[in-house]
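Geometric and topological summary
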Amino acid sequence: MQQLRDRVAFITGGANGIGYAMAASFARAGMKLALADKDEGALDRAVGRLADAGAAVIGVKVDVTDRDAMEVAAASVEATFGAVHVLCNNAGIGAATPVALTTPQEWDATIAINVTAIYNGLRAFLPRILRHGEGGHIVNTASMAGLVPTPGMAAYSASKFAVVGLTETLHQELRPQGIGVTLLCPGFVRTGLMDSSRRETGDAPPDPGRDAAQARIDRAIAGGIEAEVVGEMVLAAIREDRLYLPTTAKYRDLIEGRLRALLAALDALPPGQ
Ligand SMILES: NC(=O)c1ccc[n+]([C@@H]2O[C@H](COP(=O)([O-])OP(=O)(O)OC[C@H]3O[C@@H](n4cnc5c(N)ncnc54)[C@H](O)[C@@H]3O)[C@@H](O)[C@H]2O)c1
């Protein structure tokens, strides 16, 4: 989408971190914004900051795992701003736990928020975008952990691989209809991701393996890039209609190694199989 002024964006997880940074970048491009989040306090502060800077913005308190509430949210944003053009399925959590220590609560919350909620967002908004015919763009937030396995983040990596598969498929399905799709795969970004995740996944039994994995991820996030950089990258990807949006080339060797191993396994099959 080249023309973004006065277009409307709905951003889940828009109260904090990467979602808020996208909103701030979109606002500078003259877009109207609906920030969706379940953290009401942060949502009010985010809407206040953007409105003070002159943006047309509303907050929608919604839990993205609530399919009916997402439908209500879509209708209420349309009632305020008219047609929605850009949907950013960005809300997510990031439990840092190895496979053997992953609790059912961590697994279920991670899949519900990181994967199923993207379906909920598409179910609520995609038919409306296709109906209004004014063009549109979908941004799904995956992660580098959706492109390479991430020891210590089992459920997270599984959920983000699922987002990659969903988004690449969506891209092929929507291309003939002129709807753009972007797969955002951030490396580490300095946000409160692990704190909001700990609130969602409950109290897990203490374990040195879990503590070590969490400390490692906490350190990596603290050393990550600023969310504002990612917001600007997403804005450019929408304008340039780009599918893949990695934020770092640091993991290139890991991605290449995984693909080479996969190709070697294919090449090792008997001829004709
Ligand atoms: N920070 C990183 O290093 C990093 C790296 C790769 C991918 N990501 C992804 O980026 C996305 C945004 O994360 P972030 O780093 O900005 O974290 P963040 O915690 O700052 O922001 C996430 C937002 O999602 C909201 N949220 C969580 N569960 C929700 C629910 N059920 N309903 C509605 N809102 C909900 C939170 O309240 C929060 O405002 C996530 O999908 C995350 O997996 C982050």
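Just so you know, the residues in each chain are numbered from 1, in the order the chain's sequence is written. Given that the model is predicted, a residue must reach a pLDDT of at least 70 before its local features are reported, and side-chain atom pairs must reach 80 or more before they are shown or counted; all residues, however, enter totals for whole chains, interfaces and linings. As a convention, hydrogens and water are excluded, and side-chain values are obtained from all of the structure's heavy atoms.

Going by what an unreviewed UniProt entry lists, the chain is known as Oxidoreductase/short-chain dehydrogenase/reductase SDR and is assigned to Acidisphaera rubrifaciens HS-AP3. UniProt positions are given in the numbering used here, feature names are shortened, and annotations may be inferred rather than shown by experiment. Under the UniProt heading Sequence similarities (unreviewed entry), the note attached to the chain is "Belongs to the short-chain dehydrogenases/reductases (SDR) family."

Each helix corresponds to a stretch of at least 4 residues labelled H or I by DSSP, and each strand to a stretch of at least 2 residues labelled E; elements are numbered beginning at the N terminus. Here Ser25 is to be found in helix H1 (residues 17-28). When residues no more than four places from it in sequence are discounted, the contact partners of Ser25 are Glu228, Gly231, Glu232 and Leu235. A contact between two residues is defined here by any heavy atoms of the two lying within 4.5 Å.

A few words now on the packing of aromatic side chains. Two descriptors summarise a pair of aromatic rings, namely the distance from one centre to the other and the angle between the planes of the rings. Pairing of aromatic rings covers Phe, Tyr and the six-membered ring of Trp, with a centre-to-centre limit of 6.5 Å; geometry is then stacked below 30 degrees between planes, edge-to-face above 60, and tilted otherwise. Applying the stated criterion across every chain, the model contains 1 aromatic pair. Ring geometry for Phe10 versus Phe125: centroids 4.3 Å apart, planes at 40 degrees, classification tilted. Of this pair, Phe10 sits in strand S1 (residues 8-12) while Phe125 is found in helix H4 (residues 104-132), placing the two residues 115 residues apart along the sequence. Here Phe10 falls in the buried class, since its relative accessible area comes to 0%. Only Lys NZ and Arg CZ are tested; either one counts as a charge over a ring when it is within 6 Å of the ring centre and within 35 degrees of the ring normal. The ring of Tyr20 has Arg49 lying over it, and the distance from NZ or CZ to the ring centre is 4.5 Å. Between buried and exposed lies partly exposed: a residue is buried under 20% and exposed over 50% of the maximum accessible area for its type, with that area taken using a 1.4 Å probe on protein chains only.

Looking now at the packing of helix H3 (residues 67-81) against H4. Throughout, an axis means a line fitted to C-alpha atoms (over the contacting stretch in the case of helices), and angles, computed between N-to-C directions, take values from 0 to 180 degrees. The N-to-C vectors of H3 and H4 enclose an angle of 35 degrees; their axes lie 9 Å apart at closest approach. Every pair of crossing elements has a handedness; the one defined by H3 and H4 is right-handed. Within the contact between the two elements, H3 uses Arg67, Met70, Glu71, Ala74, Ala75 and Glu78 and H4 uses Thr116, Tyr119, Asn120, Gly121, Arg123, Ala124, Phe125 and Arg128. Of the residues in the contact of H3 with H4, the class split is 6 nonpolar, 3 polar and 5 charged. Crossing handedness is read from the near helix: turned anticlockwise from the far helix by less than a right angle, it gives a left-handed crossing, and turned clockwise, a right-handed one. Residues are grouped as follows: Ala, Val, Leu, Ile, Met, Phe, Trp, Tyr, Cys and Pro are nonpolar; Asp, Glu, Lys and Arg are charged; every other residue, Gly included, is polar.

Before going further, it helps to examine the packing of H1 against helix H8 (residues 227-240). Their axes nearest at 7 Å, the elements H1 and H8 cross at an angle of 55 degrees. Comparing their axes, H8 and H1 come out oblique. Seen from above, H1 lies across H8 with right-handed handedness. Where H1 abuts H8, its residues Gly17, Ile18, Ala21, Met22, Ser25, Phe26 and Arg28 lie against Ala227, Glu228, Val230, Gly231, Glu232, Val234, Leu235 and Ile238. Its residues assigned to classes, the contact of H1 with H8 comprises 9 nonpolar, 3 polar and 3 charged. Reported orientations rely on four angle classes, namely roughly parallel under 35 degrees, roughly antiparallel over 145, roughly perpendicular from 65 to 115, and oblique for the rest.

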